[in-house]
Amino acid sequence: MLQWLTQLPSLSPEGACTIFTIRHVDLACQQQVVVKVDIYSYEDIEKAMLEVIHLSGVESVSLMKDTMDVELAVIGDVDPADIVVRLRKCCYAEIVTTGPAKGW
């Protein structure tokens, strides 16, 4: 089941917004990958999200904005290098952290 928000979230420093969620039965091998990206407009957000959601094994993607950095938190059974390769087609990206998925 794929759920989309009708509007893109604002890039406010209050926290993260979940863009979409796909839920699977097997959550045993889920990992969370946080990737820092250079995004400056809603068009860049849309391009980055479209690149990530087409990867096989992606369960959810969240957009987070700290004071200066924009980060994507990707949860699923997906290789972190694949995420960065896809994101670098539209913007600069680097891996911040990887680890087991939390909150599932």
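Located above this text is the structure these notes cover.
Residues numbered from 1 in each chain as written. Predicted model: local features only at pLDDT ≥ 70, side-chain atom pairs only at ≥ 80, totals over all residues. Heavy atoms only, no water.

Student: Give me the state of the cysteines: which residues, what numbers.
Tutor: Applying the stated criterion to the full structure yields zero disulfides. Among the cysteines around C91, which has no disulfide bond, C90 carries the closest sulfur, lying 3.9 Å off. Overall, C91 belongs to the buried group, its relative accessible area being 11%. (Disulfide = S-S within 2.5 Å. Buried < 20%, exposed > 50% of the residue type's maximum accessible area, 1.4 Å probe, protein only.)

Student: Could you give an account of the pairing of strand β5 (residues 70-76), with specific residues and numbers?
Tutor: If a strand is regular, its side chains alternate between the two faces of the sheet. β5 sits mainly inside the fold: seven of its seven residues count as buried. Judged from the seven bridges that link them, strand β3 (residues 31-37) and β5 form a sheet pairing that is antiparallel. In the sheet register, K36 faces β5, and the bridge partner there is E71. With seven bridges joining them, strand β4 (residues 58-65) and β5 adopt antiparallel strand pairing. Across the sheet, S60 pairs through a bridge with I75, a residue of β5. (Helix = DSSP H or I, 4+ residues; strand = E, 2+ residues; numbered from the N terminus. Pairing = 2+ DSSP bridges.)

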